Amino acid sequence: MKTITPNTPIRLAFLGCGFATHLHSKTLSGFDNIERYYASRSLEKAKEYQTKYKGHGAFDSYEAAIESPEVDVVLVATPPVSHLELTQKALQAGKHVIVEKPPFLNSVDFDTVKKTREETGCQVFVAENYFYKPSLVKLREALRSGLIGDILFIHINALKQQKTGNWRDDASLSGGGALFEGGIHWINFIANLGLTIDSVSGLQPKQNSHIEKSILVTAQYREGAVGTLQYSWEVPSLFKGLRISRVFGREGSITFESNGIFIFVRGRKKKLIFPGLSDIAGYKAMFRDFFNALRTGESPQFSLDMAKQDLQLIEKIYTKK
């Protein structure tokens, strides 16, 4: 596996200059030894991002960044319809790849990417920050501790109001509705609580748009628990995102703020846990893990197989709506 020499800069080019690139640029501004480049179909837009985020260069096309000898890694932050093609081109050009969620349109696309990864020796990472959220780590520890006994019910509230009016409203670009484009993060969340999902299905309320914006996901866990995930882009929430989720066991319950502000355990013992706000979304931990893998050649904590499983669960949900 190709690696990047320790103590040398990791030269990373963003493909696409939208919200994800804005978000990741802010996160990476606190990292040492990372040189950022920006690529867009508009050189003016790429230069705007380069200036705003103190980048090292700008490209007028994605292909130019992929082919540049100045770039070691590309971060694919374009609409999902282009992810597979850009990932393949980057791997074939000898670049490592970080690809935004949802990574590809179909779970079988992972097999294509894995084959190219093995042929080129380059690494591929899927930018699933929810896997690295401190709240998920602490919640998993609380469930494993047995403080609430056998787990019976898991209810995740991920209702919010999100305006779109862009490529997310076009299934030919986004690859699907709200669950596919944004809810895939929450699918990762319910799949990594320390329990194993055996089956999933989905129910939709009446839709007022041509693309799905609300869905109820049900899950049966191998260990016996059952779960629900309420996901929406059209339900107002307190402070534009404050939501409460619950886990019930035979000896108590866990109440937590869905974003990760607090976790309250009421069972054999009572515990109030504050996972921390400095990396509440998990982006810093995610990039630290990816950059360590780039320098050591080790696998990241969140693997391609795990990312493929998330997409397979989405496919099952859409099939069983």
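Just above sits the structure.
Residues numbered from 1 in each chain as written. Predicted model: local features only at pLDDT ≥ 70, side-chain atom pairs only at ≥ 80, totals over all residues. Heavy atoms only, no water.

Trainee: Lay out the packing of helix α1 (residues 19-28) against helix α9 (residues 283-296) in plain terms, naming residues and giving numbers.
Mentor: Put simply, α1 and α9 touch, their axes get as near as 10 Å, and they point 75° apart. Here α1 lies roughly perpendicular to α9, going by the angle between them. Two secondary-structure elements touch here, α1 through Leu23, His24, Thr27 and Leu28 and α9 through Tyr283, Lys284, Met286, Phe287 and Phe291. Of the residues assigned to the contact of α1 with α9, the class counts are 6 nonpolar, 2 polar and 1 charged. (Axes fitted to C-alpha atoms, helices over the stretch in contact; angles between N-to-C directions. Helix = DSSP H or I, 4+ residues; strand = E, 2+ residues; numbered from the N terminus. Parallel < 35°, antiparallel > 145°, perpendicular 65-115°, else oblique. Contact = heavy atoms within 4.5 Å. Nonpolar A, V, L, I, M, F, W, Y, C, P; charged D, E, K, R; others polar.)

Trainee: So what's going on with the sheet that holds strand β6 (residues 124-127)? Which residues, and what values?
Mentor: Taking strand neighbours across the sheet as the criterion, the 6 strands line up as β3-β2-β1-β4-β5-β6 in an open arrangement whose pairing is parallel. Whereas interior strands pair on both sides, the edge strands pair on one side only; in this sheet they are β3 (57-59) and β6. Each strand of the sheet is rotated relative to its neighbour by a mean of 25°, with strand direction disregarded. With 4 bridges joining them, strand β4 (residues 73-76) and strand β5 (residues 96-100) adopt parallel strand pairing. Note on β5: the bridge partner recorded for leucine 75 is isoleucine 98. On top of the sheet, helix α2 (residues 43-52) reaches β2 (34-39) and β3; it is set at about 160° to β3, its chief contact. Packing of α9 onto the sheet brings it into contact with β1 (10-15), β2, β4, β5 and β6, and relative to β6 it is tilted by some 180°. (Pairing = 2+ DSSP bridges.)

Trainee: Break down the pattern of salt bridges for me, with residues and values.
Mentor: A full pass over the atoms with the stated rule returns 13 salt bridges. Across the pair lysine 308 and aspartate 111 runs a salt bridge, and its minimum N-O distance is 2.9 Å. Here aspartate 111 lies in helix α5 (residues 109-120) and lysine 308 lies in helix α10 (residues 304-319), a separation of 197 residues in the sequence. The partner of arginine 168 in a salt bridge is glutamate 181, and the shortest N-O contact between them spans 3.2 Å. (Salt bridge = Lys/Arg side-chain N within 4 Å of Asp/Glu carboxyl O.)

Trainee: I'd like a description of unusual backbone geometry, backed by residues and values.
Mentor: Cis geometry is adopted by the peptide bond preceding proline 102, which originates at lysine 101 and carries an omega value of -15°. For proline 102, the location among the structural elements is in the loop between β5 and α5. Phi angles above zero are rare outside glycine, and asparagine 33 is one such case at about 65°. Asparagine 33 sits in the partly exposed class, given a relative accessible area of 35%. Its identity as a non-glycine residue notwithstanding, lysine 54 has a phi of 55°, on the positive side. (Buried < 20%, exposed > 50% of the residue type's maximum accessible area, 1.4 Å probe, protein only.)

Trainee: Help me get a handle on the pairing of strand β14 (residues 270-273), residues and values and all.
Mentor: In the sheet, strand β13 (residues 263-266) pairs with β14 via 4 bridges, with the strands oriented antiparallel. Paired with arginine 266 across the strands is lysine 270, a residue of β14. Between β13 and β14, which follow one another and run antiparallel, lie 3 residues.

Trainee: Residue-level account of the pairing of β2, with values.
Mentor: Counting buried residues in β2 gives 6 out of 6 residues, a clear majority hidden from the surface. Along β2, one buried face is formed by Ile34, Arg36 and Tyr38 and the opposite face, lined by Glu35, Tyr37 and Ala39, is buried too. A crossover connection joins β1 to the parallel β2 through α1; in handedness this β-α-β unit is right-handed. Of the pairings in the sheet, the one linking β2 to β3 comprises 3 bridges and is parallel in character. (Right-handed = clockwise from strand over helix to strand, strands pointing away.)

Trainee: Account for the layout of surface pockets, with residues named and values stated.
Mentor: Looking at the largest pocket, its volume works out to about 1,500 Å³. Lining the largest pocket are 50 residues, and of these Phe19, Ala20, Gln162, Arg168 and Glu181 lie nearest its centre. Only α1, α3 (62-67), α4 (83-92) and α8 (178-191) provide two or more residues apiece to the lining of the largest pocket. (1 Å grid on protein atoms, 1.4 Å probe; cavity = no way out; pocket = protein on both sides within 12 Å on 5 of 7 lines; lining within 4 Å. Points joined across faces, edges and corners; volume = space filled by probe spheres on them.)

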